[in-house]
Each structure stands twice: as C-alpha cells, then as structure tokens.
Amino acid sequence: MPLTIYHNPRCSKSRQTLERIEAAGQSPDVVRYLETPPDADTLTGLVQRLGRPVTDLVRFKEALAKELGLAADDARSQAQWIALLVEHPRLLERPIVDDGERAVIGRPPENVDALL
C-alpha cells in the first residue's frame, strides 16, 4: 500500500519528512490536512496504527491549544480528543505518515525510516 503523509508545507519537519520519503524512491499520497482535514474514522485508525495515545497527536504548544486550555492530562476520552482534532485540524501533530498497517509521527523526520 502506498504511503500517505498528512502534510503542512509550511512546517519544516513536514517538508523534511516528505523529502526523505521521496529520496527513498516513494511517491506518497500527500494530504494537506489543513485544506482536507481527516475525519473521525481516519483519525481513529491513525491512532490505532501509531500505537500511541491520542494525545500524542495534539500540538499542545499551538496557540489555539492554549486558548482552549488544553492539557495532555485532561480527562477526555479518545473520542472527545478526536472530535476536537476534527473540529480544529490546526491542533494535529505533523507530519503523520501512514502505510495502512503502521503509522509514525515524523518528528524527527528519521521516524519515517521505519516505514520505508
């Protein structure tokens, strides 16, 4: 299955991860998640394939997270966090690379090597 990268071209780590994938000879599907946000089912699948808590997908240092008063230890369910990310895609950690069986967060970009 081809790789999919949830990408923000304004982010240096996202650009570096995409370059790393392309340098390995792969042509990933590029989803500009701010323009085409993932839905709840897609995010739920990504969380499962990442094998990490949903809060690892939240950019807590983002100004919006501070405005909303978000913290990693908030007593929210996974479904509530996912609904928040659907509503506010700016809060989604980037980049996320998915091969359909496993996913990684490209911070640092070398994390993507596990999928190449």
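Refer to the structure above for everything that follows.
The paragraphs below set out a description of the structure included in this document. (Residues numbered from 1 in each chain as written. Predicted model: local features only at pLDDT ≥ 70, side-chain atom pairs only at ≥ 80, totals over all residues. Heavy atoms only, no water.)

Spatial strand order, β2-β1-β3-β4: four strands in an open sheet with mixed pairing. Every interior strand has two partners, whereas the edge strands, β2 (29-32) and β4 (103-105), have only one. If you compare each strand with its neighbour and ignore which way they point, the axes differ by 20° on average. Helix α1 (residues 12-23) rests against β1 (4-7), β2 and β3 (96-98) of the sheet, and its axis sits at about 160° to β1. Strand contacts of helix α2 (residues 40-50): β1, β3 and β4, with the helix running at about 90° to β4, the strand carrying the most contacts. (Pairing = 2+ DSSP bridges. Helix = DSSP H or I, 4+ residues; strand = E, 2+ residues; numbered from the N terminus. Axes fitted to C-alpha atoms, helices over the stretch in contact; angles between N-to-C directions. Contact = heavy atoms within 4.5 Å.)

In this structure, Leu57, Leu85, Leu91, Leu92 and Ile96 are the most contacted members of the largest nonpolar core, which totals 21 residues. Mapped by element, the contributors of at least two residues to this core are α2, α3 (63-67), α4 (78-87) and β4. Beyond its immediate stretch of four places on either side in the chain, Ile96 contacts Thr4, Ile5, Tyr6, Leu46, Leu57, Val104 and Ile105. (Core = buried A, V, L, I, M, F, W, Y, C linked by side-chain atoms within 4.5 Å. Buried < 20%, exposed > 50% of the residue type's maximum accessible area, 1.4 Å probe, protein only.)

The omega torsion across Arg94 and Pro95 is -15°, close enough to zero to call that bond cis. Counting through the fold element by element, Pro95 comes out in the loop between α4 and β3. At the junction of Arg107 and Pro108, the peptide bond is cis and its omega measures out at 5° in the coordinates. As for its placement among the helices and strands, Pro108 is situated in the segment after β4.

In terms of strand pairing, β1 meets β2 through four bridges, oriented parallel. Opposite His7, over in β2, you have Arg32 as the bridge partner. What joins β1 to β2 is α1, and the crossover it makes is right-handed. (Right-handed = clockwise from strand over helix to strand, strands pointing away.)

This part takes up the pattern of salt bridges. The tally for this structure, following the rule as stated, stands at 10 salt bridges. Here Glu35 makes a salt bridge to Arg32, at a shortest N to O gap of 3.8 Å. Between Arg107 and Glu93 there is a salt bridge whose closest N-O contact spans 2.9 Å. One end of the pair, Arg107, is in the segment after β4; the other, Glu93, is in the loop between α4 and β3, with 14 residues separating them in the sequence. The partly exposed category is assigned to Arg107, whose relative accessible area is 33%. For Glu93, a relative accessible area of 13% corresponds to the buried category. Each of Arg59, Glu62, Arg90, Glu93 and Arg107 takes part in one network of salt bridges that share partners. (Salt bridge = Lys/Arg side-chain N within 4 Å of Asp/Glu carboxyl O.)

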